[in-house]
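Residue-level listing of the chains:
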Amino acid sequence: VDPFVLFLQTIPYRFFPLMMVVCVFLVVVGQRDIGPMASSEKASCELGAIREVKESNIGDYSLDTIGKEEDSPAGEDKATVDLGPMQPSPNTPRRWYNAAIPFGLVIILTFTGMYLSGYFAIKGMDDPPKETITNIFTYANSLNALIWASLAGCVVTLILAMAQKILTLVECMDSWVAGTKDVLEPTIILILAWALGSVVADIQTGRFLAQAIGGGLPPHYLPVLTMVVAYVMSYATGTSFGAMGILFPLVVPTACQLTQDDNIRMQAVAAILGGCVFGNIASPIADTTILTSIAADCDIQVSVVVFVST
């Protein structure tokens, strides 16, 4: 089976991402949060702005002092906060297109780059297949498309910030470097996970596992077990791609050994693709969790606890 076709066929079986999309749609359309997220939203609205400030920055300043600065005696030194390169100034204008344009450009350029790379790859073959959308994206170089699209998004973001005089060139570069540092640790975890996945494939751990299990595991339990393992592994590593790189060499050979049912095999693959997304959303060391907390001005631990409990 073609990998890209299999990828598309597993979409209906990726229950966790599909449920997340449905929940987001319900929250947006219904304008109503769910469970602990609703109580946290209510508390945030009542307090106005909840910000956790480290003692090293402002000493004994706490939430109890918010709104009481005006009562302090004239001339008394007030605690100040070093916002840092990743924290916007309170006077920064909030314009939706400063986020929509770069993100939209990344999406458009990614698919355009994948289409063009796949198209020219087929054109360069001695015995090319038909130029269908499926074949074009099958032979596309998605990595190059993502790299160039991300670079274009960064450049456009810098241009927008400097053109509107929101940031200077120095401030833009400081923010870019600080953002790179935030995703450095997840990147290292991802590389190590890929390396472990290669080792697992080379020593044929999946084949050994399938032989060790033998007939002890009913094949129809494999997708459920895979889903649970994907949840735990992605949460522990904080990266969906890293967990996928470890699980694919283990689960796919095991599924092929246990059953000849293509539907169960497809469900096992879908369990990997869908279950590993959990870590990207719920793990406190995931890059997406960190960036989401920064964007929402929310403490990482609070964000994780509220999401998992919801």
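Residues numbered from 1 in each chain as written. Predicted model: local features only at pLDDT ≥ 70, side-chain atom pairs only at ≥ 80, totals over all residues. Heavy atoms only, no water.

Visitor: Please set out the confidence of the model for the chain residue by residue, giving values where relevant.
Guide: For the chain, per-residue confidence averages 78 on the pLDDT scale, and 82% of positions sit at 70 or higher. Put simply, helix α4 (residues 55-58) is where the chain has its lowest mean pLDDT, 41, and helix α5 (residues 97-123) is where it has its highest, 93. Taken as a whole, residues 49-80 scores under 50 in pLDDT and shows 20 contacts with residues more than four places along the chain or in a different chain. (pLDDT = per-residue confidence, 0-100. Helix = DSSP H or I, 4+ residues; strand = E, 2+ residues; numbered from the N terminus. Contact = heavy atoms within 4.5 Å.)

Visitor: Requested: an account of a nonpolar patch on the surface, with residues and values cited.
Guide: A grouping of V22, V24, F25, L26, V28 and V29 is seen on the molecular surface, where their side chains present a nonpolar patch of about 580 Å² in accessible area. Here L26 shows up in helix α2 (residues 15-30). Residue class for L26 comes out partly exposed when judged on its relative accessible area of 48%. (Patch = residues over 30% accessible without salt bridge, like charges linked within 9 Å, V, L, I, M, F, W, Y side chains within 5 Å. Areas by Shrake-Rupley, 256 points an atom, 1.4 Å probe, with all protein chains shown as cover. Salt bridge = Lys/Arg side-chain N within 4 Å of Asp/Glu carboxyl O. Buried < 20%, exposed > 50% of the residue type's maximum accessible area, 1.4 Å probe, protein only.)

Visitor: How would you summarise the nonpolar core if you had to cite specific residues and measurements?
Guide: One recurring pattern in soluble globular proteins is that nonpolar side chains are buried together. In this structure, L222, M244, L247, V251, A268, I272 and C276 are the most contacted members of the largest nonpolar core, which totals 14 residues. For this core, the secondary structure elements donating two or more residues are α11 (222-237), α12 (240-258) and α13 (262-275). By residue number, the principal contributor to this core is α12, which donates six residues. For L222, the residues in contact, after removing those within four places along its chain, are L217, A255, L258 and A268. (Core = buried A, V, L, I, M, F, W, Y, C linked by side-chain atoms within 4.5 Å.)

Visitor: If you had to explain the packing of aromatic side chains to someone new, which residues and values would you point to?
Guide: Enumeration according to the criterion identifies eight aromatic pairs in this entry. Judged by centre distance (5.6 Å) and plane angle (70°), the ring pair of F16 and F278 falls under edge-to-face. With a gap of 262 residues between them, F16 in helix α2 and F278 in helix α14 (residues 277-282) connect regions that are remote in the sequence. Taken as a pair, F16 and F278 share a single burial class, namely buried. Ring plane angle 80° and centroid distance 5.8 Å describe the contact between W96 and Y97, whose orientation is recorded as edge-to-face. On the basis of relative accessibility, which here comes to 69%, the residue W96 falls in the exposed class. Members of the aromatic cluster, each reached through a chain of ring pairs, are F16, Y231, Y235 and F278. Cation over ring: R14 sits above F7, and NZ or CZ is 4.3 Å from the ring centre. (Phe/Tyr/Trp six-rings, centres within 6.5 Å; stacked < 30°, edge-to-face > 60°. Lys NZ or Arg CZ within 6 Å of the ring centre and 35° of its normal.)

Visitor: Give me the lowdown on the pattern of salt bridges, citing residues and values where you can.
Guide: Scanning the entire structure with this criterion turns up two salt bridges. Note that K123 and E131 form a salt bridge whose closest N and O atoms lie 3.0 Å from each other. Judged by relative accessible area, E131 falls into the partly exposed class, the value being 40%. A salt bridge links R265 to D262; its shortest N-O distance comes to 3.7 Å. With R265 and D262 both in helix α13, this residue pair falls three residues apart, about one helical turn.

Visitor: Outline the environment of I11, listing residues and values.
Guide: Relative to the helices and strands, I11 resides in the loop between α1 (3-9) and α2. I11 sits in the partly exposed class, given a relative accessible area of 37%. C-alpha separation for the pair I11 and A270, spaced 259 residues apart in sequence, amounts to 7.0 Å.

Visitor: Provide a residue-level description of the side chain of T226, including the pertinent values.
Guide: Topologically, T226 is positioned in helix α11. Residue T226 is classed as buried on the basis of its relative accessible area of 4%. Within polar-contact distance, the side chain of T226 engages the backbone oxygen of L222 at 2.7 Å. Residues contacting T226, with those up to four places away along its chain left out, are V251, A268, A271 and I272. (Polar contact = N/O pair within 3.5 Å; in protein donor to acceptor, adjacent residues only side chain to side chain.)

Visitor: Can you lay out α13 for me, pointing to particular residues and giving the numbers?
Guide: A rise of 1.5 Å per residue sets the reference length of α13, with its 14 residues, at 20 Å; its end C-alpha atoms lie 20 Å apart and thus fit the reference within 8%. Here α13 lies mainly inside the structure; ten of its 14 residues are buried. For α13, the full list of buried residues reads I264, M266, A268, V269, A270, A271, I272, L273, G274 and G275. Looking at the packing, one finds that the buried side of α13 touches α1, α2, α11, α12 and α14. The opening residue of α13, the one whose side-chain oxygen lies 2.9 Å from the backbone nitrogen of N263, is D261. (Expected span 1.5 Å × (residues − 1).)

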